[in-house]
Amino acid sequence: MCLRPSFSGHFALKPILSCLKILPEYIESSEIIEGDGGPGTIRKITFVEGRGLNYVKQKIEAVDKENFTYSFGVIEADVWKFAEVEKVIYENKFVPTPEGGSICKRTSTYHIKGDGEINKDNIKDVYGKKTEGLLKAVEAYFIANPDA
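Every chain is numbered on its own, with residues counted from 1 as its sequence reads. Residue-level local features of this predicted model are given only where pLDDT is at least 70; pairs of side-chain atoms are given and counted only at 80 or more, and the full residue set underlies all totals for whole chains, interfaces and linings. To obtain the side-chain values, all non-hydrogen atoms of the structure were used and water was disregarded.

So, on to the sheet that holds strand E6 (residues 102–112). With antiparallel pairing, 6 strands are arranged side by side in an open sheet as E1-E2-E3-E4-E5-E6. Each of the sheet's edge strands pairs with one partner strand only, and the pair in question is strand E1 (27–34) and E6. On average, each strand axis in the sheet is inclined to that of its neighbour by 25°, with strand direction left out of account. A strand pair is defined by DSSP finding two or more bridges across the two strands. A run of DSSP states H or I qualifies as a helix once it reaches four residues; a run of E qualifies as a strand once it reaches two. Both are numbered from the N-terminal end. Of the strand pairs in this sheet, strand E5 (residues 85–96) and E6 are connected by 11 bridges, and their pairing is antiparallel. Opposite Ile89, over in E6, you have Thr109 as the bridge partner. The axes are straight lines fitted to the C-alpha atoms, using for helices just the contacting stretch, and the angles between their N-to-C directions are given from 0 to 180°.

Once that is clear, we can look at unusual backbone geometry. The phi dihedral of Phe68 is positive, around 55°, even though this residue is not glycine. Tracing the chain through its elements places Phe68 in the loop between strand E3 (55–64) and strand E4 (69–77). Given a relative accessible area of 22%, Phe68 falls into the partly exposed group. Accessibility here uses a 1.4 Å probe with only protein chains present; expressed as a share of the type maximum, an area under 20% marks a residue as buried, one over 50% as exposed, and anything in between as partly exposed.

Functional significance is not addressed by these values, which are geometric in nature.
Rendered as structure tokens:
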């Protein structure tokens, strides 16, 4: 979920349904499958063909406006070429900067099925780089459009 935290007197934590506008080279569509946008909501994001990832399903785990935190789980993705992954939880904490912006600190927790194991270096190399690319694109959008 693309988020725009604002630290000008309040925490404006809202999904930007215009992720299609921000990331048209990555995201083809986004739809809520279940829920109202709060915790428990499940949404499906479909990516542009040729990106190595067709879709993901995310479940919103928690939103805490007072502590500037937001967490969601990837509960299904066609990119998981290994059956050991049950889900991945992403915990995001937004920290204000002196300039009035914010820094997003993210922790990823991989939940593995049974006695399965996964290659941590593979996660850092493949999935970390994909996530970093998306976050840099979002950052560039907000730098170019500070009132968005």
